[in-house]
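Architecture and fold: a report
Residues per chain are reported as follows:
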Amino acid sequence: MKRDWSVYYDAIEGKPPRKTLLKALDLFDKQALPPTARLGIDLGCGSGRDTFELLRRNWQVLAIDSSQTAISYLLNHSDLSFNLLKTQIARFEDLTLPSPTGLVNASFSLPFCSPKYFPDFWNQITASLRFGGPECGQLFGDRDSWSTNNSMTFHALEKTCSNLPSPGRRAAAPRMWLGGFD
Ligand SMILES: C[S@@+](CC[C@H](N)C(=O)[O-])C[C@H]1O[C@@H](n2cnc3c(N)ncnc32)[C@H](O)[C@@H]1O
């Protein structure tokens, strides 16, 4: 189903970056990673809420979204320098991610990947984080009100928790997938 996201982009205009991204950036800063690791991928970047924060912190950013409208909204922010920014219009289902990368952010976007492609795409994300940097964003639970939508991916809490790194492993390679709206 093709969605018109412009109502959403208008509604969140001017909102601060997601708390999950801020937490991931804190974790990243505590790791002694090489300067070349400061390449962030913003998956399903939308109108740029999180991309802007990465650019403000002088990260190189690859901002990806399937919607041309999203990228147009993002590039409409003339208050920011886009020297460090690359944009790509592509669906998760068709993507090959660059590797290595320092951080992968996917705020409220990964659930829109079709279930058929999700496992491979997840593996790509993990493989691209060879420096051990964080991934951050949200997954949707299988009791979500949209969970009857077969074109989207939902996760059962028990399975998700056993598949994702435990808090213990998180200390070594910080990764987090936190829910909640902000
Ligand atoms: C709920 S919005 C989140 C946007 C942004 N990350 C934020 O937090 O404001 C979901 C975004 O995912 C994008 N999207 C949806 N399905 C996608 C797909 N299959 N591949 C790539 N992007 C997709 C949409 O165009 C939209 O911009």
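As shown above, the structure is provided for reference.
Described in the following lines is the structure provided in the data block. Since we're looking at a predicted model, the values are computed, not measured.

The local shell around the ligand holds 20 residues, among which G44, G46, S66, S107 and F112 are the closest. Among the residues making up the shell around the ligand, the classes are represented as nine nonpolar, six polar and five charged.

Turning our attention to the nonpolar core. If you look at the biggest cluster of nonpolar residues, it comprises 33 residues, and the most contacted ones within it are L43, V61, A63 and V104. Those elements giving two or more residues to this core turn out to be α2 (19-30), β1 (39-43), α3 (49-56), β2 (60-65), α4 (68-75), β4 (103-106) and α5 (118-128). Beyond its immediate stretch of four places on either side in the chain, V61 contacts G40, D42, T51, L54, L55, L84 and L85.

Moving on, we come to the pairing of β1. It is a general feature of regular strands that their side chains alternate between the two faces of the sheet. Counting buried residues in β1 gives five out of five residues, a clear majority hidden from the surface. Side-chain alternation along β1 places L39, I41 and L43 on one buried face and G40 and D42 on a second face that is also buried. Crossover handedness for the path β1 to α3 to β2: right-handed. Pairing between β1 and β4: three bridges, direction parallel. Looking across to β4, one finds that I41 is bridged to V104.

Another point: α2. Compared with an ideal rise of 1.5 Å per residue, which puts 12 residues at 16 Å, α2 spans 17 Å between its outermost C-alpha atoms and is within 8% of the ideal. Listed as buried for α2 are T20, L21, A24, L25 and F28. For α2, the angular spread of the buried residues around the axis is 135°, confining them to a single face. Of the residues in α2, the exposed ones pointing more than 90 degrees away from the buried face are D26, D29 and K30.

Pairing within the open sheet is parallel, and its five strands lie in the order β3-β2-β1-β4-β5. Strands with a single pairing partner mark the edges of an open sheet, and in this sheet they are β3 (85-89) and β5 (135-137). Averaged over all neighbouring strand pairs, the angle between strand axes comes to 15°, with direction disregarded. Across the sheet, α4 is in contact with β2 and β3; its angle to β3 comes to roughly 160°.

With five bridges joining them, β2 and β3 adopt parallel strand pairing. Paired with D65 across the two strands is I89, which belongs to β3. With respect to chirality, the unit in which β2 leads through α4 into the neighbouring parallel β3 is right-handed.

All right, on to α4 then. If you check which residues of α4 are buried, you get A70, I71, Y73 and L74. Buried residues in α4, looked at end-on, bunch into an arc of 160°, giving them a common side.

One can find A24 in helix α2. In sequence terms A24 and G137 are 113 residues apart; their C-alpha atoms lie 9.4 Å from each other.

Calculation criteria
- Residues numbered from 1 in each chain as written.
- Predicted model: local features only at pLDDT ≥ 70, side-chain atom pairs only at ≥ 80, totals over all residues.
- Near = placed C-beta within 6 Å.
- Nonpolar A, V, L, I, M, F, W, Y, C, P; charged D, E, K, R; others polar.
- Core = buried A, V, L, I, M, F, W, Y, C linked by C-beta atoms within 7 Å.
- Buried ≥ 20, exposed ≤ 12 C-beta atoms within 10 Å, placed from the backbone.
- Helix = DSSP H or I, 4+ residues; strand = E, 2+ residues; numbered from the N terminus.
- Contact = placed C-beta atoms within 7 Å.
- Right-handed = clockwise from strand over helix to strand, strands pointing away.
- Pairing = 2+ DSSP bridges.
- Expected span 1.5 Å × (residues − 1).
- Arc of directions from axis to C-beta.
- Axes fitted to C-alpha atoms, helices over the stretch in contact; angles between N-to-C directions.

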